[in-house]
Amino acid sequence: MQSPPRFGHTLKDKKALTIRDAALRVLGESKGPLHVKEITERILTMGLWDTSGQTPEASVAAAINSDIKKRGNASPFARTEPGTFTLQATNATGEAVSDPQPGTASEPGQLTHVKTYSFTDSAEKVLETLGKQQPMHYRAITQQALEMGFLVSKGKTPEATMYAQILTEIKRYQRRHEHPRFVKHGNGLIGLSGEIELSLGNQIAQHNRQTSKALHKRLLEMEWNTFEEFVARMLSELGFDDIEVTSGTRDGGIDVRATLVVGEVIRTRMAVQVKKWKNNVQSPVVQQVRGSLGSHEQGLIITTSDFSRGAREEAARSDAVPVALMNGEQLVALLVENEIGVRRRPHDLIELDNIET
């Protein structure tokens, strides 16, 4: 029986291989890990696989990730980092074996820990890796994000979550008059917006970012009692009712109490603590707010700075009343969206029209 060609030799017959075998061939001849883009380019250059598809990198990535997912540690492939693969060592029987670091759990086909991302960040990673500046369907983006290890989701409909979060981010950026990183092309296709040219739109976006920074600086320069009154005014313009500034009443650290009214039907009582700080808010502050809540009240902490990891974990405890957190960046964005502390100026632009008779 004639032995199969070894890595480093050319195939005598030109019969195309499967994507999996072609990737095995390329990685076997490589001296180290390769990114899926390089793997694909070598496969096509060597004529190991023939395709008329517009996204061959996506097909190669899917084949490798599918093999890792199905065969686990028996797969010859191993992911060294997002989008980059190598071949695992083999034992005496030719079975692939992983070589995990001491004291760490071995995951199927994964030699090192791969960082995971949020839905939107993982979508950006997939489009940067496989999109080739072309849009992809959100279902394909989600599938690739899961298979490439960018995204971990326990939900039953990650595709729907992915699409909803991308569309929500696009709308949020547009409301802030900022340049979104995603573009919706219709029929479920999503692409990256790419670099924007130095144009009027870019200049406006840059001006708005500077204005937002100036607004944040102005908040930091306020006296603490002025800042509390400003937050009360903000809550009023956001639709809250029964607003009471309570900081002078020794009310357990609560600075403002108000009722959020939705559609004149839903009424939620909120206890708000405001922190005009430059340093991060720590978990004891969250505990203090939770301990000061009255019956049927929900807590909210608004700060000009940010929250420590411990504070965020404390606020989201499943065995306690949740406390909502709003950091300085979110506060400024909310003010800009609702034109509080800023104003919008329209611009009249003229463009050439057809003057031919």
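Conventions and cut-offs
- Residues numbered from 1 in each chain as written.
- Predicted model: local features only at pLDDT ≥ 70, side-chain atom pairs only at ≥ 80, totals over all residues.
- Heavy atoms only, no water.
- Buried < 20%, exposed > 50% of the residue type's maximum accessible area, 1.4 Å probe, protein only.
- Helix = DSSP H or I, 4+ residues; strand = E, 2+ residues; numbered from the N terminus.
- Contact = heavy atoms within 4.5 Å.
- Pairing = 2+ DSSP bridges.
- Right-handed = clockwise from strand over helix to strand, strands pointing away.
- Salt bridge = Lys/Arg side-chain N within 4 Å of Asp/Glu carboxyl O.
- Axes fitted to C-alpha atoms, helices over the stretch in contact; angles between N-to-C directions.

**Describing helix 5 (residues 138-147)**
Move 1: By the burial criterion, the buried members of helix 5 are Tyr138, Ile141, Thr142, Gln144, Ala145 and Glu147.
Move 2: Those residues of helix 5 that are buried are in contact with helix 3 (56-71), strand 2 (77-81), helix 4 (119-130), strand 6 (136-137), helix 6 (158-175) and strand 8 (189-192).

**Concerning the pairing of strand 11 (residues 266-275)**
Move 1: The element strand 11 is extensively covered by neighbouring structure, given that seven of its 10 residues are classed as buried.
Move 2: Bridge count for strand 10 (residues 256-262) against strand 11 is seven bridges, and the pairing is antiparallel. Paired with valine 256 across the strands is valine 272, a residue of strand 11.
Move 3: The hairpin formed by strand 10 and strand 11 contains three residues between the paired strands, and glycine 263 there has a positive phi angle of roughly 60°.
Move 4: Here strand 11 pairs with strand 12 (residues 297-303) via seven bridges, running parallel. Within the sheet, the bridge partner assigned to alanine 271 lies in strand 12 and is glycine 299.
Move 5: For the handedness criterion, the β-α-β arrangement of strand 11, helix 9 (residues 283-291) and strand 12 is classed as right-handed.

**Some words on the sheet that holds strand 8**
Move 1: If you trace the three strands from one edge of the open sheet to the other, you get 6-8-7, paired in antiparallel fashion. What marks the edges here is a single partner per strand, and that holds for strand 6 and strand 7 (182-186).

**Side note on the pattern of salt bridges**
Move 1: Applying the stated criterion to the full structure yields 16 salt bridges.
Move 2: A salt bridge links aspartate 21 to arginine 20, with the shortest nitrogen-to-oxygen separation between them at 3.4 Å.
Move 3: Using a relative accessible area of 33% as the deciding quantity, one classes aspartate 21 as partly exposed.

**Structural notes on the sheet that holds strand 10**
Move 1: Pairing is mixed in the open sheet, where five strands are placed in the order 9-10-11-12-13. Of all the strands in the sheet, just strand 9 (240-245) and strand 13 (323-326) have a single pairing partner and so form its edges. Sheet twist, expressed as the average angle between the axes of neighbouring strands with direction ignored, equals 25°.
Move 2: Against the sheet, helix 11 (residues 328-337) contacts strand 12 and strand 13, and its axis sits at roughly 75° relative to strand 13.

**Topic: unusual backbone geometry**
Move 1: With a phi angle near 60°, histidine 296 is a residue other than glycine that sits in the positive phi range.
Move 2: By secondary structure assignment, the location of histidine 296 is in the loop between helix 9 and strand 12.

**Concerning the pairing of strand 2**
Move 1: For strand 2, a buried count of four out of five residues is recorded, marking the element as mostly surrounded by other parts of the structure.
Move 2: Examined bridge by bridge, strand 2 and strand 3 (residues 84-87) share four bridges and lie antiparallel to one another. Looking at the pairing, alanine 78 lines up with threonine 86 of strand 3.

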